[in-house]
Amino acid sequence: MRIRRKKHLEERKDAVGDILLTADFDIKNALEAIKDKRYYNLALIFGNDNPICMEIGCGKGLFVCETAKRNPSVNYVAVELLDNIIVMACERCRRYQLENVRFFNCGADYLPRYIADNTLSKLYLNFSPPFPGDRYENRRLTCDRLMEYYNKMLKHDGEIHLKTDDKGFFDYSYDQMIKHGYLVKIEDVQETHTNEDYVKTEYEIKFNNENKPIYKFIAKKLSN
Ligand SMILES: C[S@@+](CC[C@H](N)C(=O)[O-])C[C@H]1O[C@@H](n2cnc3c(N)ncnc32)[C@H](O)[C@@H]1O
C-alpha cells in the first residue's frame, strides 16, 4: 500500500515537473551544502525580470496561488519541505493556470545554496511551526541562523510578512526582527481580514472558523 502511494506520488510530481524545482540531496548536511552554491537563474526560469517574492512553508498553496493570481507582474517562489504536500500546491497552480509561480521542494536551511543574495522583494512566513520552549528554538523559521539567510536573500527595503495564531511565536519573531535590524509594523488582522484584497491561507481559514485570533506583522529590512 505504502509503495503504491509513493509510486503514485512520483507520477504526480513528474506531471508538474515543469513548475516543481527539487533540491539536490548530494550533501545531507545543510551547513555544508550551502557552501557549494548552485544559484537558480530565476529570470531565465520565469522568462522575465519581474520582482520575486517567496513563501516558506507554502503548504497546499492556497495563499501563494491566490496572491499570484492577483499580482501577475510579480513572480513567486513557494518553498515547502514535504513532497506529498507541495505536489498538491503544484496541482492547484495548474488549475489556476498561473505562469508566475514556481515551487521548490526544499527545507529553508538549504535556500542559500540556490537563491542568490539581493533577490527577494518579499518573504512570507504563514503559520510556521512555532516550536515552543527553548529546546527547539533553532528549528523556528525566525531563528538567528535563518534570519541571517533571509537578510542576504532579501533586497534592501525587502519585507518579511509573518502571520501566526501562536502568540509566543509572534512575540519571539517580533524580537528577532528588531534584533536583526528590521523596522516592524504590527497589523490588526481582525480589522482587515474581511477586506476583498486580503488573502487568507488554509490554516488561517481553519483558525478563523475556530474564532482564534491571528497575529501579523510586516518587517522591513533597513540594512544593505
Ligand atoms: C502549519 S503549516 C502552514 C501551511 C500554510 N502556510 C498555511 O498557512 O496554510 C506549516 C508548513 O510549513 C512547512 N515547513 C515547516 N518547516 C519548514 C522548513 N524548514 N522549510 C520549508 N517548509 C517548512 C511544513 O511542512 C508545513 O507544510
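Residues numbered from 1 in each chain as written. Predicted model: local features only at pLDDT ≥ 70, side-chain atom pairs only at ≥ 80, totals over all residues. Heavy atoms only, no water.

**Structural notes on helix α5 (residues 83-96)**
1) Next: The end-to-end C-alpha distance of α5, which contains 14 residues, comes to 20 Å, matching closely the 20 Å that a straight helix rising 1.5 Å per residue would cover.
2) Next: Once α5 ends, the next one or two residues include Q97, with phi positive near 55 degrees. (Helix = DSSP H or I, 4+ residues; strand = E, 2+ residues; numbered from the N terminus. Expected span 1.5 Å × (residues − 1).)

**Considering the packing of aromatic side chains**
The description of two aromatic rings rests on the distance between their centres and on the angle between their planes.
1) Next: Tallying each qualifying case throughout the model produces 10 aromatic pairs.
2) Next: With a centroid separation of 5.6 Å and an interplanar angle of 40 degrees, the aromatic rings of F127 and F207 are classed as tilted. Of the two residues, F127 is situated in the loop between β5 (120-126) and α7 (144-153) and F207 in helix α10 (residues 202-209); the sequence distance between them amounts to 80 residues. Considered together, F127 and F207 belong to a single accessibility category, that of buried residues.
3) Next: Ring geometry for F170 versus F217: centroids 5.5 Å apart, planes at 50 degrees, classification tilted. Of the two residues, F170 is situated in helix α8 (residues 167-179) and F217 in strand β8 (residues 215-221); the sequence distance between them amounts to 47 residues. Per residue, the accessibility class of F170 equals that of F217, and both read buried.
4) Next: One aromatic cluster is present, built from ring pairs that chain together F170, Y174, Y215 and F217.
5) Next: Seen from the ring of Y172, R140 lies directly overhead, with NZ or CZ sitting 4.4 Å from the centre.
6) Next: The ring of Y215 is capped by K167, whose NZ or CZ atom sits 5.8 Å from the centre of that ring. (Phe/Tyr/Trp six-rings, centres within 6.5 Å; stacked < 30°, edge-to-face > 60°. Buried < 20%, exposed > 50% of the residue type's maximum accessible area, 1.4 Å probe, protein only. Lys NZ or Arg CZ within 6 Å of the ring centre and 35° of its normal.)

**Here we look at the side chain of T164**
1) Next: Inspection of the secondary structure assignment puts T164 in strand β6 (residues 154-164).
2) Next: At a separation of 2.9 Å, a polar atom in the side chain of T164 contacts the main-chain amide nitrogen of D166. (Polar contact = N/O pair within 3.5 Å; in protein donor to acceptor, adjacent residues only side chain to side chain.)

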